[in-house]
Amino acid sequence: DTPPPAAFALPADGEWETAIAPDWDALRAEADRILAEFGLEVTVSERPEFYGAYHATAYCCEEYPHICGGNGVTASGTVPRQGLTCASDWAELPPGTWLYIEGVGIRRVEDSGSAILGKRLDIAVDTHDNALRWAGFGSHDVWVLSWPAEA
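Just so it is clear, the model here is predicted, and its values are computed rather than measured. Each chain has its residues counted from 1, following the order in which its sequence is written. Local features are withheld for residues below a pLDDT of 70 in this predicted model, meaning they are given only at 70 or higher, and side-chain atom pairs are given and counted only at 80 or more; totals for whole chains, interfaces and linings count all residues. To get the side-chain values, all heavy atoms of the structure are used, and hydrogens and water are removed first.

## A short note on the nonpolar core
Put simply, buried Ala, Val, Leu, Ile, Met, Phe, Trp, Tyr and Cys residues joined by side-chain atoms within 4.5 Å make one nonpolar core. When a residue's accessible area, from a 1.4 Å probe over protein chains only, is under 20% of the maximum for its type it is buried; when over 50% it is exposed; and in between it is partly exposed. In this structure, L93, L99, I101, L121, I123, W134 and V142 are the most contacted members of the largest nonpolar core, which totals 17 residues. Mapped onto this core, the elements with two or more residues apiece are β3 (49-60), β5 (98-101), β7 (120-125) and β8 (138-146). A run of DSSP states H or I qualifies as a helix once it reaches four residues; a run of E qualifies as a strand once it reaches two. Both are numbered from the N-terminal end. It is β3 that provides the largest number of residues to this core, a total of four residues. Counting residues in hydrophobic clusters, the runner-up holds eleven residues, among them F38, V42, L84 and Y100.

The following block contains the structure:
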């Protein structure tokens, strides 16, 4: 079967699954933002993979002891950055994976956490107050744009 043009086709057990494709104009704008803000080029494979719905929460990038952690270093050794960093279960999405999170944007997996298991993501935001009030809390469709080179 040929999948609809506005969908990514994902073979699963010999059958096609379809998911609405992310807005490519929004993706390009996000990739341009990340290049301008962080100097990083977003890697997008020829066929991004729809990974389903993930439950998203937020944590802060502040560097002082408090409930978000606050040590200023991610589990992969990078500095967490608002607008770039997210945490995942590395058994599902290893560090270095580029994601498109519907309603959030493009993020790179750089962190993990003891409560971030299975289909959960934790999105880095600037302050603890903003993490507590983050409007994106809840379910978001997620696409893997590319896997890390060593994966």
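## Let's talk about the pattern of salt bridges
In the sections that follow, a salt bridge refers to a side-chain nitrogen of Lys or Arg positioned within 4 Å of a carboxyl oxygen of Asp or Glu. Within the structure shown, the criterion is met by six salt bridges. Between R107 and E30 there is a salt bridge, with the nearest N and O atoms lying 3.7 Å from each other. Separated by 77 residues along the polypeptide, R107 in strand β6 (residues 105-111) and E30 in helix α1 (residues 24-38) bring together distant segments of the chain. The pair formed by R107 and E30 is uniform in burial state, with each residue classed as buried. Residues E110 and R108 are paired through a salt bridge, measuring 2.4 Å at the closest nitrogen-oxygen approach. Summarising the burial analysis for this pair, E110 and R108 share the class buried. Several salt bridges converge on common partners, so that one network encompasses E30, R33, E37 and R107.

## Some remarks on the packing of aromatic side chains
Two rings belonging to Phe, Tyr or Trp (six-membered ring only in the last case) form a pair when the distance between their centres is within 6.5 Å. Interplanar angles under 30 degrees mark stacking, angles over 60 mark edge-to-face geometry, and anything in between is tilted. Overall, the coordinates contain three aromatic pairs when judged by the stated rule. A centroid spacing of 5.1 Å and a plane angle of 55° characterise the contact between F50 and W143, whose relative ring orientation is tilted. Note that F50 is positioned in strand β3 and W143 in strand β8, a separation of 93 residues in sequence. Overall, the relative accessible area of 22% leaves F50 in the partly exposed class. Residues Y51 and W147 carry aromatic rings whose centres are separated by 5.6 Å and whose planes lie at 65° to one another, so their mutual orientation is edge-to-face.

## Comments concerning the side chain of E30
Classification of E30 as buried rests on a relative accessible area of 15%. The criterion used for residue contact is that any of the two residues' heavy atoms lie within 4.5 Å. Once you skip the residues sitting within four places of it in the chain, E30 turns out to touch V104, G105, I106 and R107.

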